[in-house]
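Next come the chains, spelled out residue by residue.
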Amino acid sequence: GQSLEQPSEVTAVEGAIVQINCTYQTSGFYGLSWYQQHDGGAPTFLSYNALDGLEETGRFSSFLSRSDSYGYLLLQELQMKDSASYFCAALGATNKLIFGTGTLLAVQP
Amino acid sequence: GAVVSQHPSWVICKSGTSVKIECRSLDFQATTMFWYRQFPKQSLMLMATSNEGSKATYEQGVEKDKFLINHASLTLSTLTVTSAHPEDSSFYICSAFGQGREETQYFGPGTRLLVL
């Protein structure tokens, strides 16, 4: 089967750096995406890694290691508004996205 | 980014009735749309892939006769929950993937369904 595992919850303080890990087991893997979802809202796209290495987009960075079937999302200079659920998602054949278990990030003052 | 809309944003219905949810890509042609379901505090579960002009492809465990999907045009896909029951109450989200938007799927705002 296909699965993407994430820690269920992470807590950090404003201004800190937090890393959310994602380990995956999928077939037909093309790349790893990350999405943010605030309570009651739809997922919003954060980043996509097709190749190994680090992709940086402002305060958010994402990393992929295909050989380790592992990726992470790095959030820097945390703000209260970053409190949300974060999902990794594997892109597979026919452009299907399989979502990870999700991580609830709580940013404290 | 690209815009995807869903209608209605929320719906309450009686058990046994059918509910239709529309998903529209507003500024691009979506060759493929996806339907997801999300229960509270859980992840998004892919229900089906909807391709314009062809039958939808359903994920394992999703009843195709209960969740009818139609993708009649390049900008519209509909999901009909037939004979809805309380256990069908969920957050239904569509996403669109299309020409010129290959970098990601764009998600609609979701439809919250409550079946009484």
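Residues numbered from 1 in each chain as written. Chains lettered and ligands numbered in written order. Predicted model: local features only at pLDDT ≥ 70, side-chain atom pairs only at ≥ 80, totals over all residues. Heavy atoms only, no water.

Turning next to the sheet that holds strand β8 (residues 70–75) of chain A. All names here are of chain A. One open sheet accounts for 5 strands, arranged β1-β3-β8-β7-β6; its pairing is antiparallel. If you trace the sheet from one side to the other, it starts and ends with β1 (3–5) and β6 (53–57), each paired once. Adjacent strand axes in the sheet meet at a mean angle of 20° when their direction is disregarded. Looking at chain direction, β6 and strand β7 (residues 60–65) are connected through 5 bridges and run antiparallel. Bridging across to β7, Gly-53 finds its partner in Leu-64. (Pairing = 2+ DSSP bridges. Helix = DSSP H or I, 4+ residues; strand = E, 2+ residues; numbered from the N terminus. Axes fitted to C-alpha atoms, helices over the stretch in contact; angles between N-to-C directions.)

Residue and element names in this part refer to chain A. Summed over the entire model, instances satisfying the criterion amount to 2 disulfides over all chains. Here Cys-22 is linked by a disulfide to Cys-88, with a sulfur-sulfur distance of 2.1 Å. With the S-S dihedral at roughly 75°, the linkage between Cys-22 and Cys-88 falls on the right-handed side. Of this pair, Cys-22 sits in strand β3 (residues 18–25) while Cys-88 is found in strand β9 (residues 84–91), placing the two residues 66 residues apart along the sequence. (Disulfide = S-S within 2.5 Å.)

Attention now goes to the side chain of B:His71. All names here are of chain B. Of note, His-71 is situated in strand β7 (residues 67–73). Within polar-contact distance, the side chain of His-71 engages the side chain of Ser-50 at 2.7 Å. Excluding anything up to four places from it in sequence, His-71 contacts Ala-30, Thr-31, Thr-32, Met-33, Ser-50, Asn-51, Glu-52, Gly-53, Leu-76 and Ser-77. (Polar contact = N/O pair within 3.5 Å; in protein donor to acceptor, adjacent residues only side chain to side chain. Contact = heavy atoms within 4.5 Å.)

Below, the discussion takes up the nonpolar core. A:Leu32, A:Leu75, A:Tyr86, A:Phe99, B:Tyr36 and B:Phe107 are the most contacted members of the largest nonpolar core, which has 38 residues in total. Of the residues forming this core, the biggest block, 7 residues, is contributed by β9(A). Setting aside residues up to four positions removed in sequence, A:Leu32 forms contacts with A:Leu4, A:Cys22, A:Tyr24, A:Ser47, A:Tyr48, A:Asn49, A:Leu64, A:Gly71, A:Cys88, A:Ala89 and A:Ala90. Core analysis: the second largest hydrophobic core is formed by 25 residues, B:Val11, B:Ala30, B:Phe67 and B:Leu113 among them. (Core = buried A, V, L, I, M, F, W, Y, C linked by side-chain atoms within 4.5 Å. Buried < 20%, exposed > 50% of the residue type's maximum accessible area, 1.4 Å probe, protein only.)

Each partner contributes residues to the interface: chain B has 18 residues there, and chain A has 16 residues. Of the roughly 1300 Å² buried between chain B and chain A on both sides combined, carbon and sulfur atoms contribute 58%. When the buried surface of chain B facing chain A is broken down by residue, B:Ser43, B:Leu44 and B:Phe107 rank first, second and third, together holding 30% of it. Connecting chain B to chain A are 1 salt bridge. Linking A:Lys96 and B:Glu59 is a salt bridge whose minimum nitrogen-to-oxygen distance equals 2.8 Å. Residue composition of the side of chain B that touches chain A, by class: 9 nonpolar, 7 polar and 2 charged. (Buried area = accessible area lost by both parts, 1.4 Å probe. Salt bridge = Lys/Arg side-chain N within 4 Å of Asp/Glu carboxyl O. Nonpolar A, V, L, I, M, F, W, Y, C, P; charged D, E, K, R; others polar.)

On to the sheet that holds β7(B). Residue and element names in this part refer to chain B. Reading across the sheet, the 4 strands line up as β1-β3-β8-β7 and stay open at both edges, with antiparallel pairing between neighbours. Only two strands of the sheet have a single partner each, and these edge strands are β1 (4–7) and β7. Strand-to-strand twist in this sheet, taken as the mean axis angle between neighbours without regard to direction, amounts to 15°. Where β1 lies against strand β3 (residues 19–25), 4 bridges are found, and the strand directions are antiparallel. Its bridge partner lying in β3, Gln-6 is registered against Cys-23.

Moving on, we get to the packing of aromatic side chains. Taken as a whole, this structure holds 13 aromatic pairs over all chains when the rule is applied. For the ring pair A:Tyr35 and B:Phe107, a centre distance of 5.3 Å and an interplane angle of 80° mean the geometry is edge-to-face. Within this pair, whereas A:Tyr35 is found in strand β4 (residues 31–37), its partner B:Phe107 is found in strand β10 (residues 106–107), the two belonging to separate chains. Residue A:Tyr35 is classed as buried on the basis of its relative accessible area of 1%. Taking relative accessible area as the criterion, B:Phe107 reaches 11% and is therefore assigned buried. For the pair A:Phe99 and B:Phe107, a centre-to-centre distance of 5.9 Å together with 75° between the ring planes defines the contact as edge-to-face. Taken together, the residues span two chains, with A:Phe99 in strand β10 (residues 97–99) and B:Phe107 in strand β10. The structure contains a cluster of three or more aromatic residues connected by ring pairs, namely A:Tyr35, A:Phe45, A:Phe87, A:Phe99, B:Tyr36 and B:Phe107. Over the ring of B:Phe67 we find B:Lys66; its NZ or CZ atom is 6.0 Å from the centre of that ring. (Phe/Tyr/Trp six-rings, centres within 6.5 Å; stacked < 30°, edge-to-face > 60°. Lys NZ or Arg CZ within 6 Å of the ring centre and 35° of its normal.)

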